[in-house]
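# Overview (structure and organization)
For reference, the chains in residue letters:
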Number of protein chains: 2
Amino acid sequence: MANIYDVARRAKVSVATVSAVINDSAYVSPLLRARVTKAVAELVYKPNLLARSLATQQSRTLGMIVPDISNPFWPAVVRGAEDRAHAAGYTLLISNSDDNPCKQELYLNLFLAKRVDGILLAKAPGPLTGDAGQQIASGKTCVVQMLRVDAKWKGDAVLLDDEDAAYEAVAHLLRLGYRRIGILSGPPNVQTAARRLAGYRRALRDSGVKPERALQYEGDFRLRSGTEGGLVLLKKKPEAVFVANYLMAVGFMMAVRQYRLRCPQDVALVTCDDHPWLDAFTPRLTTVNFPKYELGAEAARVLLARLGSRDRPPERVELRSALCVRESCGALLQEPVR
Amino acid sequence: MANIYDVARRAKVSVATVSAVINDSAYVSPLLRARVTKAVAELVYKPNLLARSLATQQSRTLGMIVPDISNPFWPAVVRGAEDRAHAAGYTLLISNSDDNPCKQELYLNLFLAKRVDGILLAKAPGPLTGDAGQQIASGKTCVVQMLRVDAKWKGDAVLLDDEDAAYEAVAHLLRLGYRRIGILSGPPNVQTAARRLAGYRRALRDSGVKPERALQYEGDFRLRSGTEGGLVLLKKKPEAVFVANYLMAVGFMMAVRQYRLRCPQDVALVTCDDHPWLDAFTPRLTTVNFPKYELGAEAARVLLARLGSRDRPPERVELRSALCVRESCGALLQEPVR
DNA sequence: TTCCGATGGCAAACATCTACGACGTGGCAC
DNA sequence: GTGCCACGTCGTAGATGTTTGCCATCGGAA
């Protein structure tokens, strides 16, 4: 592949002139400009962005770490981040951590070694460790934490209103008259899970209902644990259940089916994460809809802004969710009790 | 950030020695090796992979272009590709083409400029154009086409058995006794869509049923067109419908609901793409399950093999789908007619 | 003493950007 | 009319951080 010297030779100018034309970084006379443009076209010259990155000390590449792209929560987030990044001329490097701190550190180091300009991070549980953790904590590499955030993280972050979302979901169930309300929560060391559990508890207490340990099951955000949790919880005859993510809700519905119960008649359900396909099935799930695309887009926006000026104050954005009432909560079936 | 000269200086050796230690590419005496290792640790030295890529002429980065990561078909494919790539020490650069040839060319050029070692491509409709198209056709850049393939593409490809899959799906409906079978197909310029339509036609003809134009609706693989197509098709009173992808099936079910029809009693349904959550809802959809994860993993495997030896014969892999019978086809309801 | 093998260092190459210097020309002033 | 200065252009060279071929050196063995 042709390099800048080939172009310079063919156009009979210096490489600096070629560079100036390509980057429009200095005045070049129309005559030379034309010669350069012609040579570029003839040689099908494409600047080597690796070399450019080396010289300019910026790669125009962003790293993004998500727990698992095949979990239906994440694709929209990635898409949002990517649209923003591409619009600003950045490319996205993507990795799946499986919420495994070791993998996460591995990929973080890889990103650092590849000299990404910044990182979008949906952190695995636990603090950031190792050299990469140091590097990030020191602020030398820009990072925006998404969704989950270190307790002592002072940098940029884009969050969801997990606690309020759970509160609203459970408050909705309470308004419909349910009292024995269970929860299928996520792993307690994952912050979103902890916050949703807190929201559930607060909602119950605000209505004078004492949260029962027996109605709380700790899942791991995966489908199978939804079924397992469902099988356990349903034995306790809850009137309604709040499930802390979509995949577990699906698992939960399989447990409901297994017990030959009807939803919402026998047990009502509210869950998290809305999806385009939820309108199509029976029963249609009532969910709190998190703005997934916006989450990714916002995170990218904040990171790009940070790259633009390192000394601006840290930004902490909290995106608002919205309750999306459908059938599984029973609202369309029965009248509110009070 | 420390560079290799800093390490060499601190260890009192030459950069070549440091490089030899880091890459284990030449014999270095234990004494010097120890000095180098110590210096690397003290300086928290991480080789600059941009510079390394420039020197070695390989970036250990793969580009991947998919139509849209937020379409539930693709995340599993991406995950499969990524797992393979990472296992071999490669990183993945990802872009969404929205099946738009312009965007695709843009990203292709970007990847080429970033000197990716190879590209995983789920091609947008139409031939590969522009400089990038040239470069790829000339074989100078390794590409594996996934799912869809240029008519005159001579290189590696990993495909699905679309036609057979559709054939099996429709044959299953025919075995159940349905005769008026409609199809909600994808855009005809997308190859998977064309092949699925062909499979549908062949299955009908093999059973002596004449395909009716009126029972064929051309969608665009998106949810909305599923509903629109459903509203049109259902007026024609088909006994069963084959829907060519998952998102349109969801849309179709919304049309069914709108007409207050029951599935499968009033209209049976078989569709494509299985998902973990399909077991949870009513009616459970009968699908042909495409091995999405394997598609990505295979494509990455083939690409990596190609990078290993450029002169091996082109590989063309066809992955097999499997019919997954559930409720929406009516098999669990009624007895076969014949 | 000489030769060979084992080590290690120098410098070029990878492809770019850019600071700085040089050259030429035009205008103005003496 | 001539000389000088300034500005507009362009090119040289060094910097970015690696890898690696080739050469030099040192020590030991024959």
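Described below are features of the structure shown in this document. (Residues numbered from 1 in each chain as written. Chains lettered and ligands numbered in written order. Predicted model: local features only at pLDDT ≥ 70, side-chain atom pairs only at ≥ 80, totals over all residues. Heavy atoms only, no water.)

### Structural notes on the sheet that holds strand β12 (residues 322–324) of chain B
Residues and elements named next belong to chain B. With mixed pairing, the six strands of this open sheet are ordered in space as β7-β6-β8-β9-β10-β12. Every interior strand has two partners, whereas the edge strands, β7 (216–218) and β12, have only one. On average, each strand axis in the sheet is inclined to that of its neighbour by 15 degrees, with strand direction left out of account. The pairing of strand β10 (residues 286–289) with β12 spans three bridges and is antiparallel. (Pairing = 2+ DSSP bridges. Helix = DSSP H or I, 4+ residues; strand = E, 2+ residues; numbered from the N terminus. Axes fitted to C-alpha atoms, helices over the stretch in contact; angles between N-to-C directions.)

### Brief notes about the protein's contact with DNA strand D
Taken together, 27 residues surround DNA strand D, and among them S29(A), I4(B), Y5(B), S19(B) and N48(B) come closest. Put simply, 75% of the atoms of DNA strand D that lie within 4 Å of the protein are in sugar or phosphate. Contact distances for DNA strand D include 2.6 Å between a phosphate oxygen and a side-chain N or O atom of S29(A). With respect to DNA strand D, the backbone of N48(B) contributes an N or O atom lying 2.7 Å from a phosphate oxygen. At the level of elements, α2 (15–23) and α4 (49–56) of chain A together with α1 (4–11), α2 (15–23) and α4 (49–56) of chain B are the ones that each hand at least two residues to the surface near DNA strand D. (Near = heavy atom within 4 Å. Polar contact = N/O pair within 3.5 Å; in protein donor to acceptor, adjacent residues only side chain to side chain.)

### Some points on the interface of chain B and chain A
Counting from both sides, the interface comprises 59 residues of chain B and, opposite them, 58 residues of chain A. Summed over both partners, the interface of chain B with chain A comes to about 5,300 Å²; 62% of that surface belongs to carbon and sulfur atoms. Counting the surface chain B buries against chain A, the share from its top three residues, L50(B), R79(B) and F281(B), is 14%. Here chain B and chain A share eight salt bridges between them. Between the two partners, chain B and chain A, sit 28 residue pairs in polar contact (both at pLDDT 80 or more). Elements with a contribution of two residues or more to the side of chain B that touches chain A: α4, α5 (74–87), β2 (91–96), α6 (101–113), α7 (130–137) and α11 (246–258) of chain B. Its residues assigned to classes, the side of chain B that touches chain A shows 33 nonpolar, twelve polar and 14 charged. (Contact = heavy atoms within 4.5 Å. Buried area = accessible area lost by both parts, 1.4 Å probe. Salt bridge = Lys/Arg side-chain N within 4 Å of Asp/Glu carboxyl O. Nonpolar A, V, L, I, M, F, W, Y, C, P; charged D, E, K, R; others polar.)

### Digging into the sheet that holds strand β10 (residues 286–289) of chain A
Through backbone hydrogen bonds, the strands of a sheet pair up, either in parallel or in antiparallel fashion. All names here are of chain A. Pairing in this open sheet of six strands is mixed, and the strands run β7-β6-β8-β9-β10-β12 from one edge to the other. At either end of the open sheet lies a strand with only one pairing partner, and these are β7 (216–218) and β12 (322–324). Geometrically, the sheet is characterised by an average inter-axis angle of 15 degrees between neighbouring strands, direction not taken into account. Note: strand β6 (residues 181–185) against β7, three bridges, orientation parallel. In the strand pairing of β7, L184 is matched with Y217. The strands touched by helix α8 (residues 162–175) within the sheet are β6, β8 (240–243), β9 (268–272), β10 and β12, with β8 carrying the most contacts at an inclination of about 165 degrees. Each of β6, β7, β8 and β9 is contacted by helix α9 (residues 191–206), which is oriented at about 170 degrees to β6, the strand it contacts most.

### Things to note about the relation of the copies chain B and chain A
With an RMSD of 0.1 Å, the fit of chain B onto chain A corresponds to turning through 180 degrees and sliding 0.0 Å along the axis. Read as a symmetry element, the transformation amounts to a two-fold axis. Both copies present the same face, since 98% of the interface residues in chain B are matched by interface residues at the equivalent positions in chain A. (Least-squares fit on C-alpha atoms with pLDDT ≥ 70 in both.)

### Some remarks on the protein's contact with DNA strand C
Neighbouring residues of DNA strand C: 26 residues in total, closest I4(A), Y5(A), Y45(A), N48(A) and S14(B). Of all DNA strand C atoms lying within 4 Å of any protein atom, the proportion belonging to sugar or phosphate reaches 78%. At a separation of 3.5 Å, a base oxygen of DNA strand C approaches a polar side-chain atom of Y5(A). Measuring from a phosphate oxygen of DNA strand C, one finds a side-chain N or O atom of Y45(A) at 2.7 Å. Elements supplying a minimum of two residues to the surface near DNA strand C: α1 (4–11), α2 and α4 of chain A together with α2 and α4 of chain B. For the surface near DNA strand C, the element with the most residues is α4(A), which contributes four residues.

### Considerations on the side chain of H275(A)
Structurally, the position occupied by H275(A) is in the loop between β9 and β10. With residues near it in sequence (within four places) discarded, H275(A) still touches P72(A), F73(A), Y246(A) and K292(A).

### Things to note about unusual backbone geometry
Residue and element names in this part refer to chain A. Note the cis peptide between C263 and P264, where omega equals 10 degrees. Within the secondary structure, P264 sits in the loop between α11 (246–258) and β9. Not every positive phi belongs to a glycine, and D273 is a case in point at roughly 70 degrees. When you line up the elements, D273 lands in the loop between β9 and β10. We classify D273 as buried; its relative accessible area is 3%. (Buried < 20%, exposed > 50% of the residue type's maximum accessible area, 1.4 Å probe, protein only.)

### Some details on the side chain of Q104(A)
Residues and elements named next belong to chain A. Counting through the fold element by element, Q104 comes out in helix α6 (residues 101–113). Only 2.6 Å separates the side chain of Q104 from the backbone nitrogen of A124, close enough to count as a polar contact. Beyond its immediate chain neighbours, meaning those up to four positions away, Q104 contacts I65, S97, L121, A122, K123, A124 and L128.

### Some thoughts on the environment of P127(A)
Residues and elements named next belong to chain A. Considering the arrangement of structural elements, one finds P127 in the loop between β3 (118–121) and α7 (130–137). Looking at P127, the relative accessible area reads 51%, which means it is exposed. For the pair P127 and P313, spaced 186 residues apart in sequence, the C-alpha to C-alpha distance is 22 Å.

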